[in-house]
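# Structure assessment
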Amino acid sequence: MSQMSFIWTLGWAGSADCTISDGHSEGRVHVSYISRAPENLLDGVTRIVLGARLAKVQFEGEPAATRWIFRRYGEHLDIDVLHLEDERHPESDGQILWQSCRQPVDSLARSIVEGFDRVAIDPGEDAYRKKWLSPFPRTELEDLRTAWRNAFPSTSASSDESGLPTPSNL
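Here is a short report on the structure shown in this document. (Residues numbered from 1 in each chain as written. Predicted model: local features only at pLDDT ≥ 70, side-chain atom pairs only at ≥ 80, totals over all residues. Heavy atoms only, no water.)

### Quick notes on the overall build of the protein
Of regular secondary structure, the protein possesses four helices and seven strands. The N-to-C order of helical and strand elements in the protein reads β-β-β-α-β-β-β-β-α-α-α. For 170 residues, the compact-globule estimate of 2.2 N^0.38 gives 15 Å, and the C-alpha radius of gyration of the protein, at 15 Å, lies within 12% of that figure. For the protein, the spread of C-alpha atoms along the principal axes amounts to about 40 × 40 × 25 Å. Taken across its 170 residues, the protein has 49% of its residues classed as buried. A fraction of 51% describes how many contacts in the protein between residues 6 or more apart in sequence connect residues 24 or more apart. On the protein, roughly 8200 Å² of surface is accessible, and the fraction owed to carbon and sulfur atoms is 49%. (Helix = DSSP H or I, 4+ residues; strand = E, 2+ residues; numbered from the N terminus. Rg over C-alpha atoms; globule rule 2.2 N^0.38 Å. Buried < 20%, exposed > 50% of the residue type's maximum accessible area, 1.4 Å probe, protein only. Contact = heavy atoms within 4.5 Å. Areas by Shrake-Rupley, 256 points an atom, 1.4 Å probe, with all protein chains shown as cover.)

### Details of the sheet that holds strand 4 (residues 54-60)
Ordered by their spatial adjacency, four strands build an open sheet running 4-5-6-7, and the pairing between neighbours is antiparallel. In the strand order of this sheet, the two ends are held by strand 4 and strand 7 (95-104), each with one partner. Taken pair by pair, the neighbouring strands of this sheet meet at an average axis angle of 10 degrees, ignoring direction. Here strand 5 (residues 65-73) runs beside strand 6 (residues 76-84); their pairing, made up of nine bridges, is antiparallel. (Pairing = 2+ DSSP bridges. Axes fitted to C-alpha atoms, helices over the stretch in contact; angles between N-to-C directions.)

### Examining the pairing of strand 4
Bridge count between strand 4 and strand 5: seven bridges; the pairing is antiparallel. Note that in strand 5 the partner of Glu60 across the bridge is Ala65. What sits between strand 4 and strand 5 in their antiparallel hairpin is a turn of four residues.

### A closer look at helix 2 (residues 105-132)
Taking 1.5 Å of rise per residue, 28 residues should cover 40 Å, yet helix 2 covers just 28 Å from first to last C-alpha, more than 12% shy of that figure. At Pro123, helix 2 is deflected by roughly 80 degrees, the largest bend along its length. Just downstream of helix 2 lies Leu133, where phi reads positive at about 75 degrees. (Expected span 1.5 Å × (residues − 1). Bend = angle between axes of the 7 residues up to and from the residue.)

### Looking at helix 1 (residues 37-49)
Along its 13 residues, helix 1 runs 18 Å from first to last C-alpha, staying within 8% of the 18 Å computed at 1.5 Å per residue. For helix 1, every residue scored as buried is listed here: Ala37, Pro38, Glu39, Leu41, Leu42, Gly44, Val45, Thr46, Ile48 and Val49. Just beyond helix 1, the residue with positive phi is Gly51, at close to 115 degrees.

### Quick look at the environment of Arg129
Considering the arrangement of structural elements, one finds Arg129 in helix 2. Once you skip the residues sitting within four places of it in the chain, Arg129 turns out to touch Ser134 and Pro135.

### A word on the environment of Ile69
Looking at where Ile69 falls in the secondary structure, it is placed in strand 5. Exposure remark for Ile69: the relative accessible area of 1% places this residue in the buried category. Each C-alpha atom, one on Ile69 and one on Glu39, is 15 Å from the other, the two residues being 30 residues apart in sequence. Apart from the residues lying within four places of it in its own chain, the contact partners of Ile69 are Leu54, Ala55, Lys56, Asp78, Ile79, Asp80, Leu82 and Glu91.

### A look at the sheet that holds strand 1 (residues 5-10)
The pairing of strands in a sheet happens through backbone hydrogen bonds and is either parallel or antiparallel. Taken in spatial order, the three strands line up as 1-2-3 in an open sheet, and their pairing is antiparallel. Both outer strands of the open sheet, strand 1 and strand 3 (26-32), are each paired with one neighbouring strand and no more. Taking the axes of each pair of neighbouring strands and ignoring which way they run, one obtains an average angle of 15 degrees across the sheet. Direction of pairing for strand 1 relative to strand 2 (residues 15-21): antiparallel, over a ladder of six bridges. In the strand pairing of strand 2, Trp8 is matched with Cys18. Seen against the sheet, helix 2 touches strand 1, strand 2 and strand 3 and runs at an angle of roughly 10 degrees to strand 1.

Printed below as a string of structure tokens:
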């Protein structure tokens, strides 16, 4: 199974694009600051890492929304990313933007942590605040990192050698 990847790219004031890939396909979502999108995504993935069987995360739009649905089955999960014309609509009304099945929970956690670690380096937390119009989600990122390290100690430890920032070398 291919390694997952996640990229959060800041755009103009209060916007970003996020790209998630499972090595076979890629999903891209435009994000607005009108919701706590990065914090909500990090919290949702943290819940999955901690053992939740289902987590839903919504990126609000005006009036559209993107809903991420994570369904965990043991050490694997399925991911659906849906576009909804109205944020109040049920998933059954959504258009599938991207989906991936049977991904290791560890791989998802690693990709999200590494993606936000890259943002902390470039453009950096100060530039993030200026462009996103909110502080970098440091607390939520560290909560996910801690949950991931506790749940997958052997694989998360190897990421410390990647050169990406961790609490000890920030």
